[in-house]
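Residue-level listing of the chains:
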Amino acid sequence: MNREFLYTRPYTPGKIDDTPVDLDSWFLDDSREKLEDELRKSSLSSLITELIEIFQDDEPNYQILLGLLGDKIIKKVREDKILYCLEEILRPDKDINKIEIEVDDQTLQIKTMNIFVTESSFLTVKNEIINPNGKFFIEGNKNSMSILIRNKYIIFYAVNGKIWYE
């Protein structure tokens, strides 16, 4: 599957995007739809594995990554952090309550991806994630698991019930 679309630079409002685009890829390549389908319909363990691979390959565009998982991206500023939150997560299992991505204000690169999952999903997946090749670092406790990949964190939090957006 071609993932090049994931690694384009983020769109900045008010600036002209002069990134060259291969028009054939718009009509002939269905990689985006396939990856979107995979991320939305896969098990939480498979989603985590796919996210790890995405972050290992290169620097993903936060706008595209969030768009693959759902709809309605909201920008927030919290304690001098720029966060993009996904308000509507489109996963049939309803195993994820909230996704936030902290972005560097200057480079628009992802610093941290926070994923809030149900307690039952967290307990199931916590024991399934392994690091066979040693290319990333995992640490965790009772209610969270952090994965460090190329100086980026993906952090999973176990939550009880629905998380409301601030």
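Figured I'd write up the structure that's included with this text. (Residues numbered from 1 in each chain as written. Predicted model: local features only at pLDDT ≥ 70, side-chain atom pairs only at ≥ 80, totals over all residues. Heavy atoms only, no water.)

Focus: unusual backbone geometry
Selection criterion: Segments assigned H or I by DSSP are reported as helices when at least four residues long, segments assigned E as strands when at least two residues long, and all are numbered from the N terminus. Each residue is assigned to one of three classes by its accessible area relative to the maximum for its type, calculated with a 1.4 Å probe on protein chains only: buried under 20%, partly exposed between the two thresholds, exposed over 50%.
In the Ramachandran plot, K94 falls in the positive-phi region, its phi being about 55 degrees despite a non-glycine side chain. You can see K94 is positioned in the loop between β2 (81-89) and β3 (96-103). One non-glycine residue, N151, lies in the positive phi region at around 65 degrees. Relative to the assigned elements, N151 resides in the loop between β6 (144-149) and β7 (152-159). Given the relative accessible area of 71%, N151 is considered exposed.

Description of helix α5 (residues 119-126)
So the rule is basically this: Arc, as used here, means the arc of the directions from the helix axis to the C-beta atoms. Working rule for contacts: check all heavy atoms of both residues, and any pair within 4.5 Å makes them a contact.
For α5, the full list of buried residues reads S121, F122 and V125. Mapping the buried residues of α5 onto a view down its axis gives an arc of 100 degrees, with all of them on the same face. In this structure, α5 carries S120 and L123 as exposed residues pointing more than 90 degrees from its buried face. Tucked inside the fold, the buried residues of α5 contact α3 (44-57), β4 (110-118), β6 and β7.

A short note on helix α4 (residues 62-69)
Cut-off, in case you're wondering: Polar contacts, as used here, are pairs of N or O atoms within 3.5 Å; protein pairs need one atom able to donate a hydrogen and one able to accept it. Residues neighboring in sequence count only if both atoms are side-chain atoms.
With seven of eight residues buried, α4 lies mostly within the body of the structure. Every buried residue belonging to α4 is among Y62, I64, L65, L66, G67, L68 and L69, and all of these are buried. Of the surrounding elements, those touching the buried residues of α4 are α2 (31-41), α3, β1 (70-78), β2, β3 and β4. Here α4 starts with a cap whose side-chain oxygen sits 2.7 Å from the backbone nitrogen of Q63, and that cap is N61.

Side note on the side chain of E59
One can find E59 in the loop between α3 and α4. We classify E59 as buried; its relative accessible area is 16%. Within the structure, E59 has its side chain in polar contact with the side chain of K152 (distance 3.1 Å). Sequence-distant contacts of E59, that is, excluding residues within four places in its chain, are made with L6, Y7, Q109, I110, R150 and K152.

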